[in-house]
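Residue-level listing of the chains:
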Amino acid sequence: MFVIANGVATLHSLLMLSVMCFASNKYDIKGLRFIIVTALDMVTIAVLSGAATAVAFMGELARNGNSHARWNKVCDNFERYCDQGSGAMLASYIGILFFMLVNLVNIFEHGRFNPDKNPILA
């Protein structure tokens, strides 16, 4: 699920980048494209955050186990695998942070330089 969520987010980002760069402005009705792209970016951030949180939970379960469910610790036997999973989880959280920053910059820059196309200010 984690890999699929990151793949879908990457595909969505590439698609939105191509829409913003190559789509003509004649299809942009009062800045509606900006709102749709921003909303879909926020949905993508939520999906990535959910996937990263699920991985964090499973990583904690693998590291410490669960005595009530009689699940043993996995990281005692597969330490290299758990270290790589921790690195992937950390990279995912850093990617979410960067994606949030890019989304915020897009919101603020669009409002600053295009006040006539910004539906929020109109």
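Every value quoted in this text rests on a predicted model; they were computed, and no experiment measured them.

K.L.:
Would you mind showing me how to read the side chain of threonine 38 here?
P.N.:
Structurally, the position occupied by threonine 38 is in helix α2 (residues 32-64). Threonine 38 sits in the buried class, given a relative accessible area of 8%. Once residues lying within four places of it in the same chain are set aside, the contact partners of threonine 38 are Asn103, Asn106 and Ile107.

K.L.:
What is the right way to look at a nonpolar patch on the surface in this model?
P.N.:
Residues Leu90, Ile94, Leu97, Phe98, Leu101, Leu104 and Phe108 make up a contiguous nonpolar surface patch of roughly 710 Å² in combined accessible area. On the secondary structure map, leucine 90 appears in helix α3 (residues 79-113). Classification of leucine 90 by relative accessible area gives exposed; the value is 54%.

K.L.:
Would you take a moment to explain the nonpolar core for this structure?
P.N.:
Note that soluble globular proteins tend to have their nonpolar side chains buried in a common cluster. By size, the foremost hydrophobic cluster in this structure holds six residues: Ala9, Ile45, Leu48, Ala52, Ile96 and Phe99. Among the elements of the structure, α2 and α3 are those that each provide at least two residues to this core. For phenylalanine 99, the contacting residues outside a window of four places in its chain are Ser13, Asp41, Thr44, Ile45 and Leu48.

K.L.:
Honestly, α2 in this entry has me stumped. Any pointers?
P.N.:
An α-helix turns once per 3.6 residues; consequently, residues spaced three or four apart project the same way. Helix length check: α2 (33 residues) gives 48 Å between terminal C-alpha atoms against 48 Å at 1.5 Å per residue, within 8%. Along α2, the residues that are buried comprise Arg33, Phe34, Val37, Thr38, Asp41, Thr44, Ile45, Leu48, Ala51, Ala52, Leu61 and Ala62. Where α2 terminates, the next one or two residues include glycine 65, which has phi positive at roughly 75°.

K.L.:
Where do I start with the layout of surface pockets in this structure?
P.N.:
To find leftover empty space, a probe the size of one water molecule is rolled over the atoms. Put simply, the second largest pocket is a space of about 340 Å³. If you go around the second largest pocket, you meet 14 residues; those closest to its centre are Val55, Met58, Gly59, Tyr81 and Gly85. The set of elements that each furnish at least two residues to the lining of the second largest pocket consists of α2 and α3. With six residues, α3 is the largest single contributor of residues to the lining of the second largest pocket. Class assignment for the residues of the lining of the second largest pocket results in ten nonpolar, three polar and one charged.

K.L.:
Teacher, can you tell me more about the state of the cysteines here?
P.N.:
Working definition: the covalent bond between the sulfur atoms of two cysteines is a disulfide. Per the counting criterion, the structure on display carries one disulfide. Disulfide pairing places cysteine 75 opposite cysteine 82 at an S-S distance of 1.9 Å. Its S-S torsion of about -95° marks the bond between cysteine 75 and cysteine 82 as left-handed, since a negative value means left-handed. Relative accessible area serves as the criterion here: at 8%, cysteine 75 is assigned to the buried category. When its relative accessible area of 9% is taken as the criterion, cysteine 82 is described as buried.

K.L.:
How should the pattern of salt bridges be read in this particular structure?
P.N.:
Here the structure, examined in full by the defined rule, presents one salt bridge. A salt bridge links arginine 63 to aspartate 83; the shortest N-O distance between them is 3.8 Å. Separated by 20 residues along the polypeptide, arginine 63 in helix α2 and aspartate 83 in helix α3 bring together distant segments of the chain. Assessed through its relative accessible area of 36%, arginine 63 is described here as partly exposed. According to the relative accessible area criterion, aspartate 83 is partly exposed, its value standing at 43%.

Rules behind the numbers
Counting restarts for each chain, with residues numbered from 1 along the sequence as it is written. Local features in this predicted model are restricted to residues whose pLDDT is 70 or higher, and side-chain atom pairs enter the listing and the counts only when it is 80 or higher, whereas totals over whole chains, interfaces and linings include all residues. Computation of side-chain values covers all heavy atoms of the structure but excludes hydrogens and water. Secondary structure elements follow DSSP: runs of H or I no shorter than four residues count as helices, runs of E no shorter than two count as strands, and numbering proceeds from the N terminus. Buried means the residue's accessible area, taken with a 1.4 Å probe over protein chains only, is under 20% of the maximum for its type, while exposed means over 50%, and partly exposed covers the values in between. By definition in these notes, contact holds between two residues if any of their heavy atoms fall within 4.5 Å. Exposure above 30% relative accessible area and no salt bridge define the residues that can form patches, which grow by joining like charges within 9 Å and nonpolar side chains of Val, Leu, Ile, Met, Phe, Trp and Tyr within 5 Å. Here the open area of atoms and residues is found with the Shrake-Rupley method and a 1.4 Å probe, where only the protein chains shown may cover a residue. Whenever Lys or Arg places a side-chain nitrogen within 4 Å of a carboxyl oxygen from Asp or Glu, that contact is recorded as a salt bridge. We define a nonpolar core as any set of buried Ala, Val, Leu, Ile, Met, Phe, Trp, Tyr and Cys residues linked to one another through side-chain atoms lying within 4.5 Å. One fewer than the residue count of a helix, multiplied by 1.5 Å, yields its expected span. Cavities and pockets were defined on a 1 Å grid built from protein atoms only: a cavity is a group of points that admits a 1.4 Å probe but offers it no way out, a pocket is an open group of points flanked by protein on both sides within 12 Å along at least five of seven lines, and a lining residue is one with an atom within 4 Å of any such point. Grid points are joined across faces, edges and corners, and a volume is the space filled by probe spheres set on the points. Ten residue types, Ala, Val, Leu, Ile, Met, Phe, Trp, Tyr, Cys and Pro, are classed as nonpolar, four, Asp, Glu, Lys and Arg, as charged, and the remainder, Gly among them, as polar. The disulfide criterion is simple: two cysteine sulfur atoms within 2.5 Å.

By themselves, these figures tell us nothing about what the structure is for.
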